[in-house]
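# Structural features, examined
Below, each chain spelled out in residue letters.
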Protein chains: 2
Amino acid sequence: MFSDLLWLAPVGSIVALGFAFYLAVRIMKLDEGTDRMKEIAAAVREGARAYIKRQYTVVTIYFVFMFLVLLLLARLELVVIFVPFAFISGGFFSGLSGFIGMTVATHSSARTANAARRSLNSGLRVAFSSGAVMGLTVVGLGLLDLSIWYYFLDWYYGSHPLPGGVADKIGAITSTMLCFGMGASSQALFARVGGGIFTKAADVGADLVGKVEAGIPEDDPRNPAVIADNVGDNVGDVAGMGADLYESYVGSIVATGALAAAAGLGVKGVTVPMSMAAVGVLASIIGTFFVRSGEQAEQGALLAALRRGVFVSAGLVAVAAYFLIRASLGMDYIGVYWAVLTGLAAGVIIGLSTEYYTSDRYGPTRTIADASVTGPATVIISGIAVGMMSTGLPVLVVGVAILLSYFLPIKLALAAGVVLSPEQTINTGLYGVAAAAVGMLSTLGITLATDAYGPVADNAGGNAEMSHLEPEVRRRTDALDALGNTTAATGKGFAIGSAALTALALIAAYRDQLSIVAQRMGMILDVDKGLHLMNPKIIAGLFVGGMMPFFFCSLTMRAVGRAAQSIVTEVRRQFREIAGIMTGEGKPDYARCVSIATAGAQKEMIAPSLVAILAPIVVGVAMGAEAVIGLLAGSLVSGFVLAVMMANSGGAWDNAKKFIERGHHGGKGSPAHKAAVVGDTVGDPFKDTSGPSLNILLKLMSMVSIVFAGLVVKYTLLR
Amino acid sequence: MFSDLLWLAPVGSIVALGFAFYLAVRIMKLDEGTDRMKEIAAAVREGARAYIKRQYTVVTIYFVFMFLVLLLLARLELVVIFVPFAFISGGFFSGLSGFIGMTVATHSSARTANAARRSLNSGLRVAFSSGAVMGLTVVGLGLLDLSIWYYFLDWYYGSHPLPGGVADKIGAITSTMLCFGMGASSQALFARVGGGIFTKAADVGADLVGKVEAGIPEDDPRNPAVIADNVGDNVGDVAGMGADLYESYVGSIVATGALAAAAGLGVKGVTVPMSMAAVGVLASIIGTFFVRSGEQAEQGALLAALRRGVFVSAGLVAVAAYFLIRASLGMDYIGVYWAVLTGLAAGVIIGLSTEYYTSDRYGPTRTIADASVTGPATVIISGIAVGMMSTGLPVLVVGVAILLSYFLPIKLALAAGVVLSPEQTINTGLYGVAAAAVGMLSTLGITLATDAYGPVADNAGGNAEMSHLEPEVRRRTDALDALGNTTAATGKGFAIGSAALTALALIAAYRDQLSIVAQRMGMILDVDKGLHLMNPKIIAGLFVGGMMPFFFCSLTMRAVGRAAQSIVTEVRRQFREIAGIMTGEGKPDYARCVSIATAGAQKEMIAPSLVAILAPIVVGVAMGAEAVIGLLAGSLVSGFVLAVMMANSGGAWDNAKKFIERGHHGGKGSPAHKAAVVGDTVGDPFKDTSGPSLNILLKLMSMVSIVFAGLVVKYTLLR
């Protein structure tokens, strides 16, 4: 059982969780500052908890329902009996990591503000530690869940041997583990969509009435929606992002494992991604120690510090993975290492491309700022043009990464004299693609930390503003926040890129599962015969799939609009009905805004979620598995491009506005600024709701397809 | 030679051209009105001519260059020797039809305004006649070109028999004819992109300075860009739309013909689409006689009149096609008839869906108008959401149409006892899909007429305004214009839908051509082996293809921005430097604005055009034919969805603004109106430049792939 390097996975998991616990305890020991600061932090915490409680109630209903459906499928022998439980556990651990990360984040904001009273670097250390807790909890719990299931299933099928021996055993293990990805996906969908709707509804609602109508500044305590706005950062950008990447993380690992058997790599092929992820965890932890700078460091040095941490981790993984893969798979399959490296490199390049298109230090965002002089229409046109242009490089990089990570393992294996059957050849290539996704995500512990630190800094700024701390503190938290915007943009590019590769790996795993499922049901299914690009079911599937992301975005954008409208109404009501609110004598009812945003988000997340879950089932039952693969491929392609565009348009608008606020084109309050605010408002749902939700759409649809493969293979209406 | 129904094609062509000539002569006999009206019409005509002259100069350079490239390819035996000439002829006839249509349109605007002085119906008759000239010229010249080449090649290969007999002959004929599609495509690209940039640069430029800065109304003669704006309607919406649909028309017919041989349908399979198109011409002409109403008819009755014309034509085709296909292909292949009917029906449904999403009589556009109350940001968000939502139905309709038109011919043939080889089965299905495109386009003569009439009415309104005619006339031309907006939106949906089916047929034809080309070069090529959806080249191609439309749109939107900026600068200069321009004493230099817009459009159309032409060649030479097919499929899927979204968002914003102008939400000049104007301005390049240009991108990339198939088959770098 410990003959291979699999033991690294539980060890990595425990180390990650232990280190996260240590960081959390250290954070908790810090002082939260003045009473006022504590009070505000408590309000935000309470709001976030109320939201999560409500969200998990809705999610539980869904999980219970789905559990019963899966039990029924298991009873009909369309899935393995462990699937319903794997599904639940995937959802549970994803939810748990979101909850932990968010709890620590809400405990860290006041502490970050308080630390920022001393220096910029101190503030960074607290906020980054909080982000690291999130990052390490995600990878730690992810690896824990994977390890538990792997060891359990390995033991179970060891004592209850399957007729086909080891091959069947690996198939059964990986099938079940794939299905727990669906639990994580479902949880991620609700977290991303619900959280995304909440955060933008609160943000837009607070801005529209507070800033525009009442003329009070951002984060002003007189604004009844201000706490909801701060809660939103935690539930959307921390818990939502965490769940998203939790899903990519476990998804890429189980997809790689699932492809191992078909590639002829045996058990070692299954354990490699898990042990490599564990190596990534250790590298991430080491990386965190490099995120530090002098007490008087300025913004540039801080960004360099964050970068250093990420690059050190990536470098360590790049070196360690070589030895790990050589030790596990041997030199014959050293091509898998190059595939992993391709994934790591692709992640870095996509991040840099995102930064180029969304940072105000470069041309694209500047052109948007320039366009603001001729009014909001030109701001919108140029922002959309920048977003569309920015899809070029990431797509080319992913395309090249796919080709390299597919062909290198095959070519090097053939060169080493390995004999591969046609089916093994394809699967070796696809295993390489999946390994590239694992490579991209291996340093998630630290990349997620640099990402999740942003909302904490943002909240710290809000806390400083509302607690009337010295302007210098707010200036420092603003610097941290701005830094956070850069890392958030990079993180988003990274989340999208890894989602694309993971979804592709899942599609490949789905193809594989179809044969396994059919075989289990005693049917002969030549899946590949139908996977011809001229098969009209594939074509129709591609078209419908290409449309899905647009339709889904339309639903989420309208949801934000409606939820924001209800906040607007409530804030207006409070301004009207609560006496003395503007003079500071009356206290706004913050909790009510939080509760309205919560109710709105919960209600509005239903429709998009149903679309994502039902589409592959309906298409599959109506037209069969080929159409499902067409659907998945079509939505992957158009969804990836659309997600990049929306994230980058949104980021560029945001930074163009900030660029103007720093005094360009007339500065704050100028017509150019007003025009840029329009761009930023349009960009909000682009970059924080619809765009990121697309990641989940792509992965969840693949997961649902995999889980319901048996149903589709058995009951297709139109053969 | 006349044993089949092919003779219908030249006859249909001559009838169409004869009827178009008759209509043109009848229009020219009408009175152009007052001297002032004549003067303005002459200025617009002169500007349009200057634009076309410049455009055709640039296009000629391109055509000469490409002709030489193709001659070289022919010398290297990578294409048949007739291909360069076919290429030139396709471009020539497309350009000629655009020129004729535009000339008649510019002669009709003053006459329409003058007729509108009598009654709304009279105005409609003139404008619609002008549109009918465009529609019938397009189909007439299209059929003429097709007939000439078919008869010539049939004679040539009859007297110079090929080794493989009839099968080889059909292959050689259809290969050559496919290549003249590339000439038409190239011409269309320049017409759509160049015209689209011109029209929106002039429009936005005129609005930004004239309406917003100087505060003078639309179509005010004091605005130096007003003539350029009117010229734009002609070069963009008449010549551009005509070239676009010319290309779809001939493209769908030749693609169908090319698939006939592989489907085992022989010569008759080649001639069916041509003769069916001829039947559509006759049906269209008959339909035009139903476009009339009482002299005192109001707008609703006029729309009903236009609809009646289209539906009568469609009904006639639906009946005639049955007998034609039964007579040509026999009852065994009657499924092809049902495929044609599917295409006709899909066209109608897509048109209706477009109308639902863009007309202010329905919910979607109303929600945009409602959102205008909370400012420009919500207008943009809701407009994009509406556009994204509107992609659902058209995509589902196209998906269903593909499935039906593929499977019906196969199933009915098998039911009739026809024995089909696997290859014949696929090609019979693909022949059905191509036939559906022909069906959708068969009534192009009249659908294009209802579309091209809009810009004439728009120009008539401009003429009435500038000639200071009675307000009643302007009211009538406005009614005609509004009607034109409805038909234009429907026409755009139709253009996109037909482009999608045509592009799909062309991809199928490309797959076929690869085998033919390889065989001619003595190579054995198993194309289908590579067309597996898990082939990484296909996947990488899909990704890059999915990105292409976004990148292309980004280029065209930025082009509009830059060209508009140069107009803004010029208009500001004239206001500043020409004395008495605002009091009407000084005369603005209209010609200079036209010339600047022309120069801008010509310069800006180069980059997007190069991208469209080079992408398939570069991908093909680098990665081979499979990657090209992936590229084409990816761009088809995401381009189709994006085109629908952009066209419908743009149309809905336009109509939401008009809805507010009619007195809702505060009417003209209210804050809601200002917000809606922002939406409309953003929508301009969406619906009139970038969106429609995507149609061409999809078709042109397929055409280029087909023409350069030999090159790719012979010289692929990465095998």
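Residues numbered from 1 in each chain as written. Chains lettered and ligands numbered in written order. Predicted model: local features only at pLDDT ≥ 70, side-chain atom pairs only at ≥ 80, totals over all residues. Heavy atoms only, no water.

To continue, consider the overall build of chain A. Check the secondary structure of chain A and you find 22 helices and 0 strands. Taking 2.2 N^0.38 as the reference for a compact globule, 719 residues should give roughly 27 Å; the C-alpha atoms of chain A span a radius of gyration of 25 Å, in line with that estimate. With the C-alpha coordinates aligned to their principal axes, the bounding extent of chain A is approximately 75 × 55 × 45 Å. Counting over 719 residues, chain A shows a buried share of 69%. Of all intrachain contacts in chain A linking residues separated by at least 6 positions in sequence, the fraction that spans at least 24 positions is 84%. A total of about 21,800 Å² of accessible surface is found on chain A, and carbon and sulfur atoms cover 66% of it. The positive charge centre, built from 51 side chains, and the negative charge centre, built from 49, are 2 Å apart in chain A. (Helix = DSSP H or I, 4+ residues; strand = E, 2+ residues; numbered from the N terminus. Rg over C-alpha atoms; globule rule 2.2 N^0.38 Å. Buried < 20%, exposed > 50% of the residue type's maximum accessible area, 1.4 Å probe, protein only. Contact = heavy atoms within 4.5 Å. Areas by Shrake-Rupley, 256 points an atom, 1.4 Å probe, with all protein chains shown as cover. Lys, Arg positive; Asp, Glu negative; His and termini not counted. Charge placed at Lys NZ, Arg CZ, Asp CG, Glu CD.)

Now for the packing of aromatic side chains. Centre-to-centre distance and the angle between the planes together describe a pair of aromatic rings. All names here are of chain B. The final tally for this structure, using the stated rule, is 52 aromatic pairs over all chains. Ring centres of Trp149 and Phe152 lie 5.9 Å apart, and the angle between their planes is 80°; on these two criteria the pair is classed as edge-to-face. One end of the pair is Trp149 and the other is Phe152, both in helix α4 (residues 120-159) and 3 residues apart, which spans about a single turn. On the accessibility criterion, Phe152 (31% relative accessible area) is partly exposed. (Phe/Tyr/Trp six-rings, centres within 6.5 Å; stacked < 30°, edge-to-face > 60°.)

Superposition record for chain B on chain A: RMSD 0.0 Å, screw rotation 180°, translation along axis 0.0 Å. On this basis, the relationship between the two copies can be described by a two-fold rotation axis. Relative to the rotation axis, the C-alpha of His532 of chain B is the closest in chain B, positioned 2.5 Å from it. Interface overlap between copies: 100% of the residues of chain B at the interface are likewise at the interface in chain A, consistent with a symmetric, same-surface contact. (Least-squares fit on C-alpha atoms with pLDDT ≥ 70 in both.)

Here we take up the interface of chain B and chain A. Contacts between the two partners involve 65 residues from chain B, matched on the other side by 65 residues from chain A. Between chain B and chain A, the buried area comes to about 5,900 Å², and carbon and sulfur atoms account for 88% of it. Considering only the side of chain B, the residues that lose the most area to chain A are Met534, Phe543 and Phe550 of chain B, jointly responsible for 14% of the buried surface there. Where chain B meets chain A, there are 0 salt bridges. Breaking the side of chain B that touches chain A down by element, the ones donating at least two residues are α11 (376-389), α12 (392-415), α15 (471-520), α17 (536-577), α20 (625-661) and α21 (671-707) of chain B. Per-element tally for the side of chain B that touches chain A: the top contributor is α17 of chain B, with 18 residues. Looking at the side of chain B that touches chain A residue by residue, the class counts come to 50 nonpolar, 11 polar and 4 charged. (Buried area = accessible area lost by both parts, 1.4 Å probe. Salt bridge = Lys/Arg side-chain N within 4 Å of Asp/Glu carboxyl O. Nonpolar A, V, L, I, M, F, W, Y, C, P; charged D, E, K, R; others polar.)

The next subject is helix α3 (residues 83-116) of chain A. Along its 34 residues, α3 of chain A runs 48 Å from first to last C-alpha, staying within 8% of the 50 Å computed at 1.5 Å per residue. Burial runs high along α3 of chain A: 28 of the 34 residues are buried. (Expected span 1.5 Å × (residues − 1).)

Further remarks concern the packing of helix α17 (residues 536-577) of chain A against helix α19 (residues 606-623) of chain A. Residue and element names in this part refer to chain A. At a minimum axis distance of 10 Å, the contact between α17 and α19 shows a crossing angle of 170°. In terms of axis orientation, α17 runs roughly antiparallel to α19. Between α17 and α19, the residues in contact are Lys537, Met548, Phe551, Phe552, Leu555 and Thr556 and Ala607, Pro608, Val611, Ala612, Ala615 and Met623, respectively. Among the residues making up the contact of α17 with α19, the classes are represented as 10 nonpolar, 1 polar and 1 charged. (Axes fitted to C-alpha atoms, helices over the stretch in contact; angles between N-to-C directions. Parallel < 35°, antiparallel > 145°, perpendicular 65-115°, else oblique.)

At His665 of chain A, a residue that is not glycine, the phi angle is positive and equals roughly 50°. The topology assignment puts His665 of chain A in the loop between α20 (625-661) and α21 (671-707). The phi torsion at His468 of chain B lies on the positive side, around 55°, for a residue other than glycine. With respect to the secondary-structure elements, His468 of chain B resides in the loop between α14 (444-466) and α15.

Turning our eyes to something else, we now look at the confidence of the model for chain A. Summary statistics for chain A give a mean pLDDT of 89 and a share of 99% for residues scoring 70 or more. Scoring of the predicted complex yields 0.94 for pTM and 0.93 for ipTM. (pLDDT = per-residue confidence, 0-100.)

On to the environment of Gly375 of chain B. Its place among the elements puts Gly375 of chain B in the loop between α10 (363-371) and α11. Taking C-alpha positions, Gly375 of chain B is 23 Å from Ser390 of chain B, a pair spaced 15 residues apart along the chain.

The subject of this paragraph is a nonpolar patch on the surface. All names here are of chain B. On the surface, a cluster of nonpolar side chains totalling about 430 Å² of accessible area is made up of Val64, Leu68, Leu71, Ile81 and Phe85. With 3 residues, the single largest contributor to the nonpolar patch is helix α2 (residues 35-75). If you trace the backbone, Phe85 turns up in helix α3 (residues 83-116). (Patch = residues over 30% accessible without salt bridge, like charges linked within 9 Å, V, L, I, M, F, W, Y side chains within 5 Å.)

With that settled, consider the side chain of His532 of chain B. Considering the arrangement of structural elements, one finds His532 of chain B in the loop between α16 (527-530) and α17. At 2.9 Å, the side chain of His532 of chain B forms a polar contact with the backbone nitrogen of Met534 of chain B. If we skip the residues at most four places from it in the chain, His532 of chain B touches Arg511, Asp528 and Leu531 of chain A together with Ile538 of chain B. (Polar contact = N/O pair within 3.5 Å; in protein donor to acceptor, adjacent residues only side chain to side chain.)

Moving on, we come to the nonpolar core. The biggest cluster of nonpolar side chains holds 539 residues, and the ones touching the most others in it are Met182, Ile325 and Tyr510 of chain A together with Met182, Ile325 and Tyr510 of chain B. Residues contacting Met182 of chain A, with those up to four places away along its chain left out, are Tyr62, Met66, Phe87, Leu700, Met703, Val704, Val707 and Phe708 of chain A. (Core = buried A, V, L, I, M, F, W, Y, C linked by side-chain atoms within 4.5 Å.)

Residue and element names in this part refer to chain A. The full count for this structure, using the stated rule, is 60 salt bridges over all chains. The partner of Arg662 in a salt bridge is Asp360, and the shortest N-O contact between them spans 3.0 Å. Note that Arg662 is positioned in the loop between α20 and α21 and Asp360 in the loop between α9 (335-358) and α10 (363-371), a separation of 302 residues in sequence. Given the relative accessible area of 56%, Arg662 is considered exposed. It is possible to trace a salt-bridge network through shared partners that takes in Lys200, Asp203, Lys492, Asp654, Lys658, Asp684, Lys687 and Asp688.

Moving on, we come to the environment of Val386 of chain B. Residue and element names in this part refer to chain B. With respect to the helices and strands, the residue Val386 is situated in helix α11. By relative accessible area, which is 2% here, Val386 ends up buried. Distance in space between the C-alpha atoms of Val386 and Leu698 is 24 Å, their sequence separation being 312 residues. Sequence-distant contacts of Val386, defined by excluding residues within four places in its chain, comprise Tyr357, Pro364, Thr367, Ile368 and Ala652.

Using the criterion set out here, one finds 0 disulfides over all chains in the structure. No disulfide involves Cys553 of chain B; its sulfur sits 16 Å from that of Cys553 of chain A, the nearest cysteine. Cys553 of chain B sits in the buried class, given a relative accessible area of 0%. (Disulfide = S-S within 2.5 Å.)

On to the packing of α10 of chain A against helix α11 (residues 376-389) of chain A. Residues and elements named next belong to chain A. Two elements in contact, α10 and α11, have axes whose closest approach is 8 Å; the angle formed by their N-to-C orientations is 165°. Relative to α11, α10 is oriented roughly antiparallel. Considering how the two elements wind past one another, α10 and α11 form a crossing that is right-handed. Between α10 and α11, the contacting residues are Pro364, Thr367, Ile368 and Ala371 on the first element and Thr378, Val379, Ser382, Gly383 and Val386 on the second. Of the residues contributing to the contact of α10 with α11, the split by class is 5 nonpolar, 4 polar and no charged. (Left-handed = near helix turned anticlockwise from the far one by under 90°.)

Quick look at the environment of Leu282 of chain B now. Residues and elements named next belong to chain B. Tracing the sequence through the fold places Leu282 in helix α7 (residues 266-288). Overall, Leu282 belongs to the partly exposed group, its relative accessible area being 33%. Residues Leu282 and Glu213, 69 residues apart in the sequence, show an inter-C-alpha distance of 51 Å.

Residue and element names in this part refer to chain B. Here His673 is to be found in helix α21. Since its relative accessible area comes to 11%, His673 is described here as buried. Excluding residues within four positions of it along the chain, His673 makes contact with Lys657, Ile660, Glu661, Gly667 and Lys668.

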